[in-house]
Amino acid sequence: MGQGIIEVFIAYWPIFLKGLLGTLKYALIAVALGSILGALVALVHLSKNKIVSSIAGIYVNVLRGTPLLVQMYIAYYFIPMAFPILNKIDTVYFVLFALVLNSSAYVSEIIRGGINSVDSGQNEAARSLGMTAKNTMIKIILPQAIKNILPSLANEYIAMIKETSLAGTFMLYELMYTRTLLANKYLVWQPLFIIAGIYLLVTMVLSWGVKLMEKRLSVSD
Amino acid sequence: MTNNYILIETKDLKKNFGELEVLKGISEVIHQGEVVSIIGPSGGGKSTFLRCLNLLEKPTSGHVYFEGEELTENGNLDLHRQKIGMVFQQFNVFPHLTVLNNITLAPMLEKKLSKQEAEYKAMELLKKVGLEDKANEYPRKLSGGQKQRLAIVRALAMEPDVMLFDEPTSALDPEMVKGVLEVIQQLAEEMMTCVIVTHEMGFAKKISDRVLFIDGGVVVESGTPEEIFDNPKQERTKEFLAQIL
């Protein structure tokens, strides 16, 4: 059995810390950029034009209906092959690209759901005052939708923290990657429990934060 | 009470929801200054007719003219709608805005009123309906009747030429109804053109220049309140009135 879990953690904690920071960073990048892209996808999806709308629908279905790991492999191997001009770019970015696209699909559904959850009477009232569709969206619908969107977005971040573990497969320095590093030192089982413990701790703390946020947001109803 | 200027005209207005024909061809005229009440059984098409007048409901066929221009999705619909105030059964006040901002938002955004102008006017309107002390509250602090009065002055702030009321008192507790009806009556006395879908028969009788009885997607009968309520000619009108009076 060799060393125990605590001994391994004490000896290598800077590695785990660096891994955790990498995980938090990549998840944040994925959700932040995914939110921007996802907002655009949601707007396209909400379009009255059925053809335009269905393009966004297909985008969302493909990205949510296929495993993230497969998407990462495609981004990692296929994109540089198909576009040789991109060969000089660090492969890290291709993996991140897959994370962002994947996140955008989930976020776009969160945003779309948030917008649809606003009572249709709000839209009717604004439009019957002569407000333009754009002003109605910005001043009436989105401020109300955001209450539903924010907690779900935070939950998406929590989910993404776990999803990024797949990125370790491609040598991105995140929490799961520390397993590979320490396996080289013949530490096989201890890092797994440490990693699991860190994931659990982080997601529990963040989930508690989301609950607090939901409480705060519902007070103003 | 009315003059001959035609404010709203519909020509053979039809509306289907899927297979269901809700409006089967309504041609009507609303004159400037006229107060028209629309009565009839639920599901008869009266609310749908009203909602077609500002194209919240898009007619399946037929035409709606407002101040001589046809209303279409592409035409200056937003500009026309500024002139057509609408009040809903469920109030639809904006919960995330204060009472004052509920009123000033659209005039500032769409009519480019300055903040001072918009707020001055909003306060005048709030005084008129007895809500001036609620200006900085959020709508959740208001009763149903207060919300509806807010919704009315929010529409009035755009200085509309006509007000459409879609069952404005149906969602109110009984003790709240009177205050809202008084506001509508005051508007009518000020010569505002009003089209009111209502179940308040006493009110309709008192306030209206003309009453439309809509059932089965058509205007079954129209006339003065006396003609409709006291001497209805159509069997369906008689039956309806017998049931509710």
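What you see is a predicted model; the values in this text were computed from it and never measured.

A. Spotlight on the overall build of chain B. Within chain B one finds nine helices and ten strands. Over its C-alpha atoms chain B spans a radius of gyration of 18 Å, differing by no more than 12% from the 18 Å that the globule rule assigns to 245 residues. Dimensions along the principal axes, computed over C-alpha positions, put chain B at roughly 55 × 45 × 35 Å. A burial count over chain B gives 53% of its 245 residues as buried. A separation of at least 24 residues holds for 67% of the contacts in chain B among residues at least 6 apart in sequence. Put simply, chain B shows about 10700 Å² of open surface, and 46% of that area lies on carbon and sulfur atoms. Treating the 28 positive side-chain charges of chain B as one cloud and the 37 negative ones as another, the clouds have centres 4 Å apart.

B. Broad picture of helix H5 (residues 120-128) of chain A. Counted residue by residue, H5 of chain A has seven buried out of nine residues, so it is predominantly covered. All buried positions along H5 of chain A are accounted for by Gly121, Gln122, Glu124, Ala125, Ala126, Arg127 and Ser128 of chain A. In this structure, the buried side of H5 of chain A is in contact with helix H6 (133-163) of chain A together with helix H1 (46-52), helix H2 (77-82), strand S6 (84-87) and helix H5 (144-156) of chain B. Directly after H5 of chain A, the chain includes Gly130 of chain A, whose backbone phi takes a positive value near 90 degrees.

C. Molecular detail of the sheet that holds strand S1 (residues 6-17) of chain B. Residues and elements named next belong to chain B. Reading across the sheet, the four strands line up as S2-S1-S4-S5 and stay open at both edges, with antiparallel pairing between neighbours. The sheet is open, and its two edges are formed by strand S2 (20-31) and strand S5 (69-70), each paired on a single side. As paired elements, S1 and strand S4 (residues 61-66) share five bridges and run antiparallel to each other. Along S4, the bridge assignment pairs Thr10 with Val64.

D. Layout of unusual backbone geometry. For Met171 of chain A, which is not a glycine, the phi torsion comes out positive at approximately 70 degrees. Following the sequence through the fold, Met171 of chain A ends up in the loop between H6 and helix H7 (177-183). On the accessibility criterion, Met171 of chain A (53% relative accessible area) is exposed. Even without being glycine, Lys112 of chain B reaches a positive phi, approximately 55 degrees.

E. Spatial organisation of the sheet that holds S6 of chain B. All names here are of chain B. Ordered by their spatial adjacency, six strands build an open sheet running S6-S7-S8-S3-S9-S10, and the pairing between neighbours is mixed. The two strands at the open ends of the sheet, each matched to only one other strand, are S6 and strand S10 (218-223). In this sheet, adjacent strand axes meet at a mean angle of 15 degrees when their direction is disregarded. Where strand S3 (residues 35-39) meets strand S8 (residues 193-197), four bridges bridge the pair, whose relative direction is parallel. Counterpart to Val35 in the pairing with S8 is Cys194. Against the sheet, H5 touches S6 and strand S7 (162-166), its axis set at about 170 degrees to S6.

F. A look at the interface of chain A and chain B. On the side of chain B, 23 residues touch chain A, which itself brings 19 residues to the contact. Between chain A and chain B lies a buried interface of about 1800 Å² when both sides are counted; carbon and sulfur atoms form 58% of it. When residues of chain A are sorted by the area they lose upon contact with chain B, Glu124, Ser128 and Leu129 of chain A head the list and together hold 33% of the total. At the junction of chain A and chain B, the tally comes to two salt bridges. Salt-bridge contacts for Glu124 of chain A lead to Arg51 of chain B; the nearest nitrogen and oxygen are separated by 2.7 Å. Only H5 and H6 of chain A provide two or more residues apiece to the side of chain A that touches chain B. Residue composition of the side of chain A that touches chain B, grouped by class: six nonpolar, eight polar and five charged.

G. Structural view of the pairing of S10 of chain B. Sheet topology note: the strand S9 (residues 210-215) of chain B/S10 of chain B ladder contains five bridges and is antiparallel. Bridging from a neighbouring strand, Ile214 of chain B pairs with Val219 of chain B of S10 of chain B.

H. Representation of the pattern of salt bridges in the model. This model, assessed by the stated rule, comprises 17 salt bridges over all chains. Taking the shortest distance from any N to any O, the salt bridge between Lys121 of chain B and Glu159 of chain B comes out at 3.4 Å. Taken as a pair, Lys121 of chain B in helix H4 (residues 115-128) and Glu159 of chain B in the loop between H5 and S7 lie far apart in primary sequence, 38 residues in all. Residue classification places Glu159 of chain B among the partly exposed positions, given a relative accessible area of 45%. Between Glu182 of chain B and Lys178 of chain B there is a salt bridge, with the nearest N and O atoms lying 3.4 Å from each other. Of this pair, Glu182 of chain B and Lys178 of chain B both sit in helix H6 (residues 174-189), separated by four residues, roughly a single helical turn. On the accessibility criterion, Lys178 of chain B (59% relative accessible area) is exposed. Salt bridges sharing partners connect three or more residues here, namely Glu124 of chain A together with Arg51 and Glu57 of chain B.

Each value, and the rule that gives it
- Starting afresh in each chain, residues are numbered from 1 along the sequence in its written order.
- In the order they appear in the text, chains get letters beginning with A and ligands get numbers beginning with 1.
- Restriction of local features to residues with pLDDT of at least 70 applies here, the model being predicted, together with a cutoff of 80 or more for giving and counting side-chain atom pairs; totals for whole chains, interfaces and linings are based on all residues.
- Each side-chain value is derived from all of the structure's non-hydrogen atoms; neither hydrogens nor water enter the calculation.
- For helices the rule is a DSSP run of H or I covering at least 4 residues; for strands it is a run of E covering at least 2, with both sets numbered from the N terminus onward.
- This radius of gyration counts C-alpha atoms alone. The globule rule is 2.2 Å times how many residues there are, raised to the power 0.38.
- Burial classes follow relative accessibility: with a 1.4 Å probe on protein chains only, a residue under 20% of its type's maximum area counts as buried, one over 50% as exposed, and anything between as partly exposed.
- Contact criterion: two residues are considered in contact whenever any of their non-hydrogen atoms come within 4.5 Å of each other.
- Surface accessibility follows the Shrake-Rupley procedure with a 1.4 Å probe radius. Residue values consider only the protein chains on display as shielding.
- Neither His nor the chain ends is counted toward charge; the positive residues are Lys and Arg and the negative residues Asp and Glu.
- Note that the charge is assigned to NZ on lysines, CZ on arginines, CG on aspartates and CD on glutamates.
- A pair of strands is treated as paired once DSSP finds two or more bridges between them.
- Under this scheme, a helix contributes an axis fitted over its contacting stretch, all axes are lines through C-alpha atoms, and angles between N-to-C directions fall in the 0 to 180 degree range.
- Reported buried area values correspond to the accessible surface (1.4 Å probe) lost by two parts on association, with both partners' losses combined.
- Here a salt bridge means any side-chain nitrogen of Lys or Arg lying within 4 Å of a carboxyl oxygen belonging to Asp or Glu.
- Under the scheme applied here, ten amino acids are nonpolar (Ala, Val, Leu, Ile, Met, Phe, Trp, Tyr, Cys and Pro), four are charged (Asp, Glu, Lys and Arg), and all others, including Gly, are polar.

Geometric descriptors of this kind do not, in isolation, establish any biological role.
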